[in-house]
Amino acid sequence: MVESAVIFKTLYSFITFGVSNQENEISVLDPPDHLFRIRSVCVVLETCGQYFDKGSSKKKLDCFLVYFQRYYWYKKHCPIWNENRPFPIDVENLMQDTLEAVRPKLKMITSFEEACKACEDLENEFKPKIAAILPIIDTEEGGVSETDDGGLTTIQESDETSDASQQDKRKLLEEDESENSQNSQSQNDLTGSQTRQVGRYMMPFIPQVGRPWSSG
């Protein structure tokens, strides 16, 4: 069994990690003609998307499908696709079949501009809800909204705390140096012991000075 949080994290990673939604920026991790991520998302959705049909999981999937369609249309909107090199029809059919399987009544987005607008509307819908939960959040005007309890502030350390922290660091460094010194000494002792053992073992085979080699 896999938790839904892991699945959604994986799905969002497919459409966000190393991805650039700007037409003039090409990501080396996600070139325009690479459609593997779309196929991967469709495989995951066809496998377990049908189970996200109620509660918070249903809402999470609905939100993800908006961003997924934006990523799909961003790929399809790339200028590399033209009459001589059309967008793969199998990917179009896979996308349509997947969305119909997980959300049969979903109205599909028909352009990249419409997908961007849908994502913007979705973010504007959730911003006030998030602002009511988080102490600080960027508002639409670019300012900062804080709760009545006040925002998060930098933790100030007292002199005593700072001194204690420095002493702890020095103590850890001294312990590390002592441990390294003991390890080095142990290795030297072990090497010397091994050398003496090898010497005792090889002694009968080493000819004595002035003693000729015997042939028999």
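Sequence order as written defines residue numbering, which begins from 1 separately in each chain. Under the rules for a predicted model, residues below a pLDDT of 70 receive no local features and side-chain atom pairs below 80 are neither given nor counted, while totals for whole chains, interfaces and linings still include all residues. Side-chain metrics rest on all non-hydrogen atoms present in the structure, leaving aside hydrogens and water.

K.L.:
Outline the nonpolar core, listing residues and values.
P.N.:
Membership of the largest hydrophobic core comes to 35 residues, with the highest contact counts inside it found for I38, L45, F64 and F68. Comment: elements are numbered from the N terminus, with helices defined as DSSP H or I runs of at least four residues and strands as E runs of at least two. Breaking this core down by element, the ones donating at least two residues are α1 (4-16), α2 (36-48), α3 (55-76), α4 (89-102) and α5 (112-133). Top contributing element to this core by residue count: α3, with 11 residues. Should any heavy atoms of two residues lie within 4.5 Å, those residues are counted as being in contact. Residues in contact with L45, not counting those within four places in the same chain, are L11, Q50, L61, F64, L65, F68, T98 and V102. For our purposes a nonpolar core is just a set of buried Ala, Val, Leu, Ile, Met, Phe, Trp, Tyr and Cys residues, chained together by side-chain atoms within 4.5 Å. Between buried and exposed lies partly exposed: a residue is buried under 20% and exposed over 50% of the maximum accessible area for its type, with that area taken using a 1.4 Å probe on protein chains only.

K.L.:
Requested: an account of the pattern of salt bridges, with residues and values cited.
P.N.:
What makes a salt bridge here is a side-chain nitrogen of Lys or Arg within 4 Å of a carboxyl oxygen of Asp or Glu, nothing more. Summed over all chains, the structure comprises eight salt bridges. Note that D30 is salt-bridged to K75, the shortest N-O span being 2.9 Å. Of this pair, D30 sits in the loop between α1 and α2 while K75 sits in helix α3; the two residues are 45 residues apart in sequence, bridging distant segments of the chain. Here D30 matches K75 in class, with each residue buried. For D121, the salt bridge is made with K117, and the minimal N-O distance between the two is 2.9 Å. Of this pair, D121 and K117 both sit in helix α5, four residues apart, which is roughly one turn of that helix. A relative accessible area of 36% places D121 in the partly exposed class. For K117, a relative accessible area of 45% corresponds to the partly exposed category.

K.L.:
Before we move on, can you summarise α5 with the specific residues and values?
P.N.:
With 22 residues, α5 ought to run about 32 Å at 1.5 Å a step, and its terminal C-alpha atoms sit 32 Å apart, in line with that. Throughout, bend refers to the angle between the axes fitted to the seven residues that end at a position and the seven residues that start at it. Taking the largest bend as the criterion, α5 deviates by roughly 30°, centred on K127, and proline P128 comes between one and four positions later. Within the sequence span of α5, burial applies to F112, A115, C119 and L122. Here the buried face of α5 lies against α3. A 3.5 Å cut-off defines polar contacts: any pair of N or O atoms within that distance qualifies, except that in protein one atom must be a possible hydrogen donor and the other a possible acceptor, and neighbouring residues in sequence count only when both atoms are side-chain atoms. Capping the start of α5, S111 holds a side-chain oxygen 3.2 Å from the backbone nitrogen of E114, two or three residues further along. Multiply 1.5 Å by the residue count of a helix minus one, and that product is the helix's expected span.

K.L.:
Mind laying out the packing of aromatic side chains, listing which residues take part and the relevant values?
P.N.:
Each pair of aromatic rings taken from Phe, Tyr and Trp, with Trp reduced to its six-membered ring, is defined by centres within 6.5 Å and is described as stacked if the planes are under 30 degrees apart, edge-to-face if over 60, and tilted in the remaining cases. All chains considered together, the criterion is met by eight aromatic pairs. Between Y72 and W73 the ring centres are 5.6 Å apart and the planes differ by 80°, which places this aromatic pair in the edge-to-face class. W73 shares its class with Y72; the two are buried. Grouping aromatic residues by their ring pairs yields a cluster made of Y12, F64, Y67 and F68. Sitting above the plane of the F126 ring, K129 keeps its charged end 5.0 Å from the centroid. Two conditions define a charge located above a ring, namely a distance within 6 Å from the ring centre to NZ of Lys or CZ of Arg, and an angle within 35 degrees of the ring normal.

K.L.:
Explain the packing of α1 against α3 residue by residue, including any values.
P.N.:
Under this scheme, a helix contributes an axis fitted over its contacting stretch, all axes are lines through C-alpha atoms, and angles between N-to-C directions fall in the 0 to 180 degree range. Direction vectors running N to C along α1 and α3 enclose 10°, while the axes themselves pass 10 Å from each other. In terms of axis orientation, α1 runs roughly parallel to α3. Within the contact between the two elements, α1 uses S4, F8, L11, Y12 and I15 and α3 uses S57, K60, L61, C63, F64, Y67, F68 and Y71. Taken together, the residues of the contact of α1 with α3 sort by class into 10 nonpolar, two polar and one charged. Note on terminology: angles under 35 degrees are roughly parallel, angles over 145 are roughly antiparallel, angles of 65 to 115 are roughly perpendicular, and the others are oblique. Asp, Glu, Lys and Arg are counted as charged, while Ala, Val, Leu, Ile, Met, Phe, Trp, Tyr, Cys and Pro are counted as nonpolar; the rest, among them Gly, fall into the polar class.

K.L.:
Give a description of α1 that names residues and reports values.
P.N.:
For α1, spanning 13 residues, the distance from its first C-alpha to its last is 18 Å, which sits close to the expected 18 Å at 1.5 Å a residue. Every buried residue of α1 is listed here: I7, F8, L11 and I15. All buried residues of α1 fall inside an arc of 95° around its axis, so they share one side. Next to the buried residues of α1 lie α2 and α3. The first or second residue beyond α1 is G18, which carries a positive phi of 70°. For this quantity, the arc is that covered by the directions from the helix axis to the C-beta atoms.

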